Structure formats: structure tokens, C-alpha cells
Amino acid sequence: MNQQQHITDRTFYFAVRIVNLCKTLDEKPGVGRVLYKQLIRSGTSIGANVEESQSAQSKADFVSKLQISLKEAKETKYWLRILVTTGIVEENKLLPLIKENEEIIKVIAAIVVKTKQNNSK
């Protein structure tokens, strides 16, 4: 499996996990119910932009879509940190999701760097 196909699948399943987390947050009263709206937007947007990059019209368009995805992944990291730091969700419950988010950030960043290097040759 090539790296681009791998990240497409990975971000899809990450989005599924975010949706399931947000369903849980929506069921509980309080601030988590408000924060989940931000988390679901950014957490599902990662994969949507990766998927869109697969139909890019140019290398520049491809990189642009992935950079948007990278920004969304970093925003998702922020919301997950907020949930943990405020005690809305226990850290041990979010740790696998946080680790996967960090890995996704690394993979997308690597694809962007590699694509830019290939364009400069």
C-alpha cells in the first residue's frame, strides 16, 4: 500500500473514531457538548481534504489540500488537549486517539515535504 492510500484510509478511520467520540460528548450535558462541534468539524475535515487531494488538478493543488488537512489535524490536536486538560474526558480514554492524530500529522507533513522536494527537481 502506498503512503497516499495509507493516509486516506487512516484519516477515514480516524474520522469515524472522532464521530463516535462526539456522539458520546453530545449525550452528556455541559461544555463538552459545545466543544464537540469544533472537534467534529476539524477531525472529519482531515480525511475529507486528504480524499480531495487525490483528485487534485495539479501538484500545487495536491499540496494545498494536504496543507489544509495538516491545519485541521493540528486544530483537532488542540481540541483533544482541551478535552483532556479540562477533565471533560479522561486522558487514558483519549490517548490512542491523540497518538493517532500525532502520527497522521507526521505522515501528512512528510507527504507535503516529499511532494515539494519532487517539484523542485
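Structural data are supplied above this passage.
Per chain, the residues get numbers from 1 upward, laid out in the order the sequence is written. Predicted model: local features are reported for residues with pLDDT of at least 70 only, side-chain atom pairs are reported and counted for 80 or more only, and whole-chain, interface and lining totals are derived from all residues. Remark: hydrogens and water are excluded; side-chain values derive from all non-hydrogen atoms of the structure.

Considerations on the overall build of the chain
Point 1. On a plain count of helices and strands, the chain comes out with four helices and zero strands.
Point 2. Elements are defined by DSSP. Helices are runs of H or I of four residues or more, strands are runs of E of two residues or more, and each kind is numbered from the N terminus. The order of helices and strands in the chain, counted from the N terminus, is α-α-α-α.
Point 3. Note on method: radius of gyration uses C-alpha positions; expected globular size equals 2.2 Å times residues raised to 0.38. Here the chain has a C-alpha radius of gyration of 15 Å; the compact-globule value for 121 residues is 14 Å, and the two agree.
Point 4. C-alpha atoms of the chain, sized along the principal axes, occupy 55 × 20 × 20 Å.
Point 5. Looking at the chain as a whole, 40% of its 121 residues are labelled buried.
Point 6. Residues are treated as being in contact if the distance between any of their heavy atoms lies within 4.5 Å. Put simply, 72% of the contacts in the chain that link residues at least 6 apart link residues at least 24 apart.
Point 7. Each accessible area is a Shrake-Rupley result for a 1.4 Å probe, and residues are judged covered by the shown protein chains and nothing else. Roughly 7,300 Å² of accessible area belongs to the chain as shown, and the carbon and sulfur atoms make up 52% of that amount.
Point 8. For the purpose of charge, His is not counted, nor are the chain termini; Lys and Arg are scored as positive and Asp and Glu as negative. Positions of charges follow a simple convention, taking NZ of Lys, CZ of Arg, CG of Asp or CD of Glu. Side chains of the chain carry 19 positive and 13 negative charges; the gap between the two charge centres is 4 Å. Only protein chains enter the accessibility calculation, which uses a 1.4 Å probe; a residue whose area is less than 20% of its type maximum is buried, one above 50% is exposed, and one in between is partly exposed.

Description of the side chain of Glu100
Point 1. The topology assignment puts Glu100 in helix 4 (residues 91–120).
Point 2. Taking relative accessible area as the criterion, Glu100 reaches 16% and is therefore assigned buried.
Point 3. Apart from the residues lying within four places of it in its own chain, the contact partners of Glu100 are Arg10, Phe14 and Arg17.

Quick word on a nonpolar patch on the surface
Point 1. The patches reported here contain residues having more than 30% relative accessible area and no salt bridge. Joining distances are 9 Å for like charges and 5 Å for nonpolar side chains (Val, Leu, Ile, Met, Phe, Trp, Tyr). One speaks of a salt bridge when a side-chain nitrogen belonging to Lys or Arg is within 4 Å of a carboxyl oxygen belonging to Asp or Glu. A cluster of nonpolar side chains, contributed by Phe12, Tyr13 and Val16, occupies part of the molecular surface with about 320 Å² of accessible area.
Point 2. With respect to the helices and strands, the residue Tyr13 is situated in helix 1 (residues 3–27).
Point 3. Residue Tyr13 is classed as exposed on the basis of its relative accessible area of 53%.

Comments concerning the pattern of salt bridges
Point 1. In this structure the tally under the stated criterion is five salt bridges.
Point 2. The salt bridge involving Arg33 is made with Asp26; its shortest N-O contact spans 3.3 Å.
Point 3. Taking the relative accessible area as the measure of exposure, Arg33 reaches 40% and is therefore partly exposed.
Point 4. The network of salt bridges with common partners includes Glu52, Asp61 and Lys65.

Brief notes about the environment of Ile40
Point 1. By secondary structure assignment, the location of Ile40 is in helix 2 (residues 31–53).
Point 2. Once the C-alpha coordinates of Ile40 and Lys23 are considered, the two residues, 17 residues apart in sequence, prove to be 9.5 Å apart.
Point 3. With residues near it in sequence (within four places) discarded, Ile40 still touches Ile18, Val19 and Cys22.

Here we look at the side chain of Thr76
Point 1. Here Thr76 lies in helix 3 (residues 59–85).
Point 2. We classify Thr76 as buried; its relative accessible area is 0%.
Point 3. A distance of 2.9 Å separates the side chain of Thr76 from the side chain of Ser42, its partner in a polar contact.
Point 4. When near neighbours in sequence (up to four residues on either side) are disregarded, Thr76 contacts Phe14, Ile18, Leu39, Ser42, Gly43, Ile46 and Asn101. Residues adjacent in sequence count toward polar contacts only when both atoms are side-chain atoms; beyond that, a polar contact is any pair of N or O atoms within 3.5 Å, and within protein one must be able to donate a hydrogen and the other to accept it.

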